[in-house]
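# Secondary and tertiary structure notes
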Amino acid sequence: MESKLLTEERFVDRNTGFTYRYVFSDTEYFRPHTHEYYELFLMLDGNALHIVNGAERPLGRGDLVFIRPFDDHDYIGIGGKPFSLLNIAFSARICDMLFEYLGEGFKKSHLLGSFLPPEVRLSDYELERFSKMMDNIRAIDPKNYGEISSAFRILIFNVFTRYFADAFENEEKLPIWLEEMCNTVKKDGNFSKGSEFFFGLTDKSREHVSRTVKKYMGLTVSEYINGLRLNFIANMLKNSNHSVSDIIFESGFNNISWAAEQFKAKYGVTMREYRKGAK
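Source: prediction; values computed, not measured.

The residue Ser25 is located in strand 2 (residues 18-25) in this model. Residues contacting Ser25, with those up to four places away along its chain left out, are Phe30, Pro82 and Phe83.

Dropping the structure here:
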């Protein structure tokens, strides 16, 4: 069947720049289509086969996908069982404004230039967090266009900075399970918990994790974790007045001399010199 072009004029609310739909399907087929706009869709329950750009991607609860206007896609139910999803459509103008605001450091070319649309699986915690943001939006008076537009802008900003900022970060794409581990350890200061926390994020063996990290990143797990800690120290030296020792311990290092040695090896100066030079 020939794909249908869904227009922004028809499918995106011009008052807010956004439209959302909760979809429950007990059918096995959606018509193939492309868009003039962007969309996010989040699988809430059940399983579906996402047919996109000629590829097949099985999806389940928590899978969040960013669809670009040129993506040709549809969904097929698996085994005749129903599934449900949340679809958020937003105008090309709003997406352009978001990327402009995030600046050159945000690799939008990785998101827009990939053959398949960016896709992440949210944890139960992240899924609940997303759902609460939508609950807040659904409590807004539908006629309050300004508040709805602002709430959705906050939501998509969160989505892109929290879930898609590191998409396709590596030249050779990380396995999905390792990418999820890396994203988790970067968030909320989890790198301070060390290698044991990192290994505990998967049921794969330590040996397998270590080999895969070395293969794709050229580092040992300890080197990867310590690199994140050193980045944290450098940023805190530059952007806070906290004591050097407090910053070191907050990063997760428990040996000041060792941390200082590693810092100088990476940045070529001592921590105090680095802080002085940053002023």
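Once that is clear, we can look at the nonpolar core. In this structure, Leu64, Phe66, Phe90, Phe130 and Phe160 are the most contacted members of the largest nonpolar core, which totals 32 residues. Ranked by residues supplied to this core, first place goes to helix 5 (residues 145-162) with seven residues. Apart from the residues lying within four places of it in its own chain, the contact partners of Phe90 are Val12, Gly17, Phe18, Tyr37, Tyr38, Glu39, Leu40, Phe66, Cys95, Ile156 and Phe160. Counting residues in each nonpolar core, the second largest holds 27 residues, with Met181, Leu230, Ile233 and Val244 among its members.

Two numbers describe a pair of aromatic rings. These are the distance of the centres and the angle of the planes. The full count for this structure, using the stated rule, is 19 aromatic pairs. Judged by centre distance (5.6 Å) and plane angle (55 degrees), the ring pair of Phe191 and Phe232 falls under tilted. Of this pair, Phe191 sits in the loop between helix 6 (176-186) and helix 7 (194-199) while Phe232 is found in helix 9 (residues 221-239), placing the two residues 41 residues apart along the sequence. Connected via pairs of aromatic rings, a cluster forms that spans Phe18, Tyr20, Tyr22, Tyr38, Phe66, Phe90, Phe99, Phe106, Phe152, Phe160 and Phe164. Positioned over the ring face of Trp177 is Lys204, at 5.1 Å from the centre of the ring. When the ring centre of Phe253 is taken as origin, the NZ or CZ atom of Arg229, which lies over that ring, is 5.4 Å away.

How two helices pack is summed up by the angle between their axes together with the distance between the axes. At a minimum axis distance of 11 Å, the contact between helix 6 and helix 8 (residues 206-217) shows a crossing angle of 90 degrees. On the basis of their axis angle, the class for helix 6 and helix 8 is roughly perpendicular. Facing helix 6, whose interface residues are Trp177, Leu178, Met181 and Cys182, helix 8 presents His208, Val209, Thr212, Val213 and Met217. The class makeup of the residues in the contact of helix 6 with helix 8 is seven nonpolar, two polar and no charged.

Conventions adopted
Residues numbered from 1 in each chain as written. Predicted model: local features only at pLDDT ≥ 70, side-chain atom pairs only at ≥ 80, totals over all residues. Heavy atoms only, no water. Helix = DSSP H or I, 4+ residues; strand = E, 2+ residues; numbered from the N terminus. Contact = heavy atoms within 4.5 Å. Core = buried A, V, L, I, M, F, W, Y, C linked by side-chain atoms within 4.5 Å. Buried < 20%, exposed > 50% of the residue type's maximum accessible area, 1.4 Å probe, protein only. Phe/Tyr/Trp six-rings, centres within 6.5 Å; stacked < 30°, edge-to-face > 60°. Lys NZ or Arg CZ within 6 Å of the ring centre and 35° of its normal. Axes fitted to C-alpha atoms, helices over the stretch in contact; angles between N-to-C directions. Parallel < 35°, antiparallel > 145°, perpendicular 65-115°, else oblique. Nonpolar A, V, L, I, M, F, W, Y, C, P; charged D, E, K, R; others polar.

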